[in-house]
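Here is what each chain is made of, one letter per residue.
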Amino acid sequence: MAYLLTHDTQYGPLMDWTASVATSTSGSVKLVLAQTGPSRARGFRHHADPASENATGAGAECATSFAIETLSERNPLHIPWRRLGVECVLETCGVFISVDQCMAHMQAGAKKVVLSTPSPDAPLIVCGVNDEAAKQGKYDVVSAGSGQIVCLAILVKVLKENFGVVEGLASAVQSASSSTRSVDGVAGKDLRSGRGANNIIPTPNAAAKIIARIFPELEGSIASISYHVPTWGASLLDFNVKTEKPVAYEDIKRAFRTAAESELQPFLACAEEPIVSSDVAFDSRSCIFDADAGFSLNKNFFKLVSWYNETAFSVRCLDLIALMHHSCTTAPKKL
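Calculation rules
Residues numbered from 1 in each chain as written. Predicted model: local features only at pLDDT ≥ 70, side-chain atom pairs only at ≥ 80, totals over all residues. Heavy atoms only, no water. Helix = DSSP H or I, 4+ residues; strand = E, 2+ residues; numbered from the N terminus. Buried < 20%, exposed > 50% of the residue type's maximum accessible area, 1.4 Å probe, protein only. Polar contact = N/O pair within 3.5 Å; in protein donor to acceptor, adjacent residues only side chain to side chain. Contact = heavy atoms within 4.5 Å. Pairing = 2+ DSSP bridges. Axes fitted to C-alpha atoms, helices over the stretch in contact; angles between N-to-C directions.

Participant: Got a minute to help me understand the side chain of S175 in this structure?
Facilitator: Note that S175 resides in the loop between β7 (165–174) and β8 (201–204). Among the residues examined, S175 registers a relative accessible area of 2% and is labelled buried. A distance of 3.1 Å separates a polar side-chain atom of S175 from the backbone oxygen of G233. If we ignore the near neighbours within four places in the chain, the residues touching S175 are V229, T231, W232, G233, A234 and S235.

Right under this line is the structure:
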């Protein structure tokens, strides 16, 4: 783990950081990260916790340091969340994706669980789109969706609130991920997903169906597909959409520009210059609307192009954890 955190093919090394593993007298294993200067890694932003500074007694040479206890446990019931004082768990392994499965974390002491993957029954919460319920503490287990889902949800929100949405087709040009195979291998029902990374691989996905959980009036009106390509960094979302109101493409650009400068500023950006995937690979906003790449067929049918990346989705997971944790600390106590 220490090696993986300080060496990364995509994001580069964490310069001026050291990682080591320490074992306490009680037998617990901790990963110790120490920063001796400002990080120069691409896309890496560290917000120092004053309480953790100089925790290892390294003096002025160590700007920030902290220890992370590491555990090896397959069963969430046996993870000592209560002893560790953990209130909100980010479930990322992809195995425990239902509400019932995640209840094991809560039985072990956690109060809230955020899934970094779509769930069959946990509510989908997209920050900036439908996060009011999470702020009010209505749910104990929620799903953050995926980078593609968040990007599409933001697109639909802006379009729906300004022009109305009749129907749409979303095509994601998806960059390589941890599931991408380097060579051909055995696959499940979708035989093409087993092909090597040097191909363009069409893959069905359920992003549009999941979006209908946020916008139920659009159920059955939006469909989606992914094309996996051998690139790194950002992915592209091509959205062909029919609007209720007849408008010009300039009106759509103006609506996205306004939203990016106001209520959706942390989540949406409007790119006016000719960009490519590597230009937005480390952007923390979940939807980079490419104003110059889209166009109109007529006054009701448009092609919209936007970008998303895993960096931004990681930030959204952290945003959702913050909302869920805030609801833990502010919710009225039951009598």
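This is not the end of the story, as more comes after the structure.
Participant: Even after reading the chapter, I still don't get the sheet that holds strand β6 (residues 141–143), so can you show me in this structure?
Facilitator: Working definition: the strands of a sheet are paired by backbone hydrogen bonds and lie parallel or antiparallel to each other. In space, the three strands of this open sheet follow the order β4-β5-β6, with parallel pairing throughout. Looking at which strands have only one partner, the edges of the open sheet turn out to be β4 (88–91) and β6. Taken pair by pair, the neighbouring strands of this sheet meet at an average axis angle of 20°, ignoring direction. Where β4 and strand β5 (residues 112–115) come together, four bridges link them in parallel fashion. What sits directly across from L90, in β5, is V114. Across the sheet, helix α3 (residues 99–107) touches β4, β5 and β6, and the angle it forms with β5 is around 135°.

Participant: What am I meant to see in the pairing of strand β14 (residues 301–308) here?
Facilitator: One face of the sheet, then the other: side chains in a regular strand alternate in exactly this way. Among the eight residues in β14, six count as buried, and that is most of the element. Here eight bridges tie strand β10 (residues 235–243) to β14, and the two strands are oriented antiparallel to one another. Counterpart to F239 in the pairing with β14 is L304. Relative to β14, strand β12 (residues 287–290) runs antiparallel, the two sharing two bridges. Residue I288 lies in a different strand from β14, and its bridge partner there is W307.

Geometry only, nothing functional implied.
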